[in-house]
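Here are the chains, one letter per residue:
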Amino acid sequence: MSVSTAALDPSVCAPLPVLGQDVTVPLVTGGEVTYAALDYAASAPALQRVWDDVAAYAPYYGSVHRGAGYLSQLSTDLFENSRRTVAEFLGCRPEDQVVFTRSTTDSLNLLAAAIPANCQVFVYETEHHASLLPWRDAQVTYLDAPRTPGQAVETLERALADRDPYGPALVCVTGASNVTGELWPVKELAAAAHAHGARIVLDAAQLAPHHPVDIAELDVDWVAFSGHKLYAPFGSGVLAGRADWLQAAEPYLAGGGASRRVARRADGGVDVDWHITAARHEAGSPNVIGVYSIASACKALTEAGFDNLVARERELVSRVREGLAEVPEVQVLSLFGDDAPRVGVISFVVRGWNSSHFAAALSAEYGIGVRDGLFCAHPLVRTLLGSDPQDPGECGAPEAEPGERSLNAIRVSFGAGTPDEHIDRFLRAVTELVREGAQWKYRTEDGRCVPDRGEAAQV
């Protein structure tokens, strides 16, 4: 997945307008500051373009696939045109289906419910829980964390060579790590899977907002991603790819919209003919606003020019990594090493600091929002921290007190809407906190590190 940067000048690609750019937040030290949203990997702010498109459509809201009225017909057309927009954005093949879901997690659980009986699933321990955990009814092989892209391919090839060659198999892999931001060798993994008769699903939750994703070019069987990471509002997601397993499976949800015909039998039972299109797995009234917002985001990113967006983000990644490297107490977490290509997701720990304490100080004293914890990727973070898999520590609920070592990390993430000033403020804040300490006292409350409203620290 290479992107040419020839003749590109990152400075000509300004940040895309997003909601919340002018929001101010209070500081415990007094005054207010414009909020620096640096938690894109959890949820990116919605693009202003997306919000404007949704607002323009809102007065014309109507039921989808349900009514003969003008607004219903308009909403149905918008819904299905959005499906075509997403298919184009992902480079879908003519026979692929685009199914709308609630999120990446929902998409992968849908696929897990559709895999054939006796399917063997291969998944790396480095995956987000959304792609690590759905395969409860399958025979799952968990692969150890690789330390190079080449090792990732070799590990998969060995595992596939040892499988039952006659049964169905599925490989699940991330496109970009939600912990380290590192890009995975998706095309090479797809080739290895297909060479051994397996299929592959790409978790593109962290990849699609930062980098072009082309199903046909990568030769993957399915792609899953979430709208709320793609600069759209919460509540929508996509599963796109091969139709055969989805058509053969029972509907993910049983209800209206998934059925073509329902009739009573003479014996009192019910006969149902289910749709074979994407509607088979979209029962109920669809989230037309969420679907339209995803399509709008796809158009906005395409029109902005992904090459320019990637080039600018690469520049921001370099600035953050170089700035953190100047602070000896900071250890950046990585699987593949410093030279690995990555998106704007960087996790680190600070020697002498509890990660929750550090993140709380960034928020309370500098107005910077980052994430701390295990990032819903517990096995990966524990591997990167060199801790025992049974050591304590929970996603988003650190147990250590301020000043104590924690088995968690801090994650800074950014993207197409991030201003340069937010990056500069973050690097300045890290340096000041490490060198001068926090200006305020903190305590643990309900598993979170929060400012103690009583008094400032003695510095």
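Above this note sits the structure.
Residues numbered from 1 in each chain as written. Predicted model: local features only at pLDDT ≥ 70, side-chain atom pairs only at ≥ 80, totals over all residues. Heavy atoms only, no water.

**Some details on the pattern of salt bridges**
Where charged atoms from two side chains of opposite charge come close, those side chains can pair. Cut-off, in case you're wondering: When a carboxyl oxygen of Asp or Glu is within 4 Å of a side-chain nitrogen of Lys or Arg, the pair counts as a salt bridge.
If you walk through the whole model with that rule in mind, you get 22 salt bridges. A salt bridge links R242 to D244, with the nearest nitrogen and oxygen atoms 3.3 Å apart. Put simply, R199, D221, R242 and D244 are held in one network by salt bridges that share partners.

**Let's talk about the nonpolar core**
Under the convention used in this document: The nonpolar core is taken to be a set of buried Ala, Val, Leu, Ile, Met, Phe, Trp, Tyr and Cys residues, with the residues joined through side-chain atoms within 4.5 Å. Working definition: with a 1.4 Å probe on protein chains only, accessible area under 20% of the residue-type maximum means buried, over 50% means exposed, and in between means partly exposed. Numbering of helices and strands starts at the N terminus; helices are DSSP runs of H or I of at least 4 residues and strands are runs of E of at least 2. Any two residues having at least one pair of non-hydrogen atoms within 4.5 Å are treated as being in contact.
Counting residues in each nonpolar core, the largest one holds 83 residues, and the members touching the most others are L90 and F225. Of all the elements, helix α9 (residues 288-304) adds the most residues to this core, at 8 residues. Ignoring any residue separated from it by four or fewer positions in sequence, one finds F225 in contact with V86, L90, S103, T104, S107, A204, A205, A208, L230, G237, V238 and I294. Membership of the second largest hydrophobic core comes to 36 residues, among which are V330, I346, L362 and W440.

**What about the sheet that holds strand β14 (residues 345-350)?**
Which entries qualify depends on this criterion: Paired strands, in this sense, are two strands between which DSSP finds at least two bridges. Between the N-to-C directions of two axes lies an angle of 0 to 180 degrees, each axis being a line fitted to C-alpha atoms and, for a helix, fitted only over the stretch in contact.
If you trace the 4 strands from one edge of the open sheet to the other, you get β13-β14-β17-β16, paired in antiparallel fashion. In this open sheet, the two edge strands, each paired with only one partner strand, are β13 (330-332) and β16 (371-373). Put simply, the sheet's adjacent strands are angled 30° from each other on average, direction ignored.

**What about the side chain of S226?**
Which entries qualify depends on this criterion: Pairing of N or O atoms within 3.5 Å defines a polar contact, subject to two protein rules: one partner must be a possible hydrogen donor and the other a possible acceptor, and residues neighboring in sequence count only if both atoms are side-chain atoms.
Note that S226 resides in strand β9 (residues 222-226). Among the polar contacts listed, one links the side chain of S226 to the side chain of T104, at a separation of 2.6 Å. Not counting residues within four places of it along the chain, the set of residues in contact with S226 comprises S103, T104, S236 and G237.

**Considerations on the sheet that holds β9**
In spatial order, the strands read β4-β10-β9-β8-β7-β5-β6; together these 7 strands make up an open sheet with mixed pairing. The sheet is open, and its two edges are formed by β4 (97-101) and β6 (139-143), each paired on a single side. For this sheet, the mean angle separating the axes of adjacent strands, direction not counted, is 20°. Bridge analysis of strand β7 (residues 169-174) against strand β8 (residues 199-203) gives 5 bridges, and the strand direction is parallel. By the bridge assignment, V173 is partnered in β8 with L202. Contacts from helix α2 (residues 70-89) reach β4, β9 and β10 (237-241) within the one sheet, and its direction differs from that of β4 by about 115°.

**Describing the side chain of S355**
Within the secondary structure, S355 is located in helix α11 (residues 355-366). Among the polar contacts made by the side chain of S355, one reaches the main-chain carbonyl oxygen of N408 at a distance of 2.9 Å.

**Topic: the environment of V317**
Mapped onto the secondary structure, V317 falls in helix α10 (residues 306-325). Considered as a pair, V317 and V343 are 26 residues apart in the sequence and their alpha carbons are 7.3 Å apart. Once residues within four sequence positions are removed from consideration, V317 is found in contact with R342, V343, G344, I346 and F414.

**Observations concerning α10**
Our working definition: In this scheme, a helix's expected span is set at 1.5 Å multiplied by one less than its residue total.
Spanning 20 residues, α10 covers 28 Å between terminal C-alpha atoms, matching the ideal 28 Å at 1.5 Å per step. Within the sequence span of α10, burial applies to F306, L309, V310, A311, R312, E313, L316, V317, V320, R321, G323 and L324.

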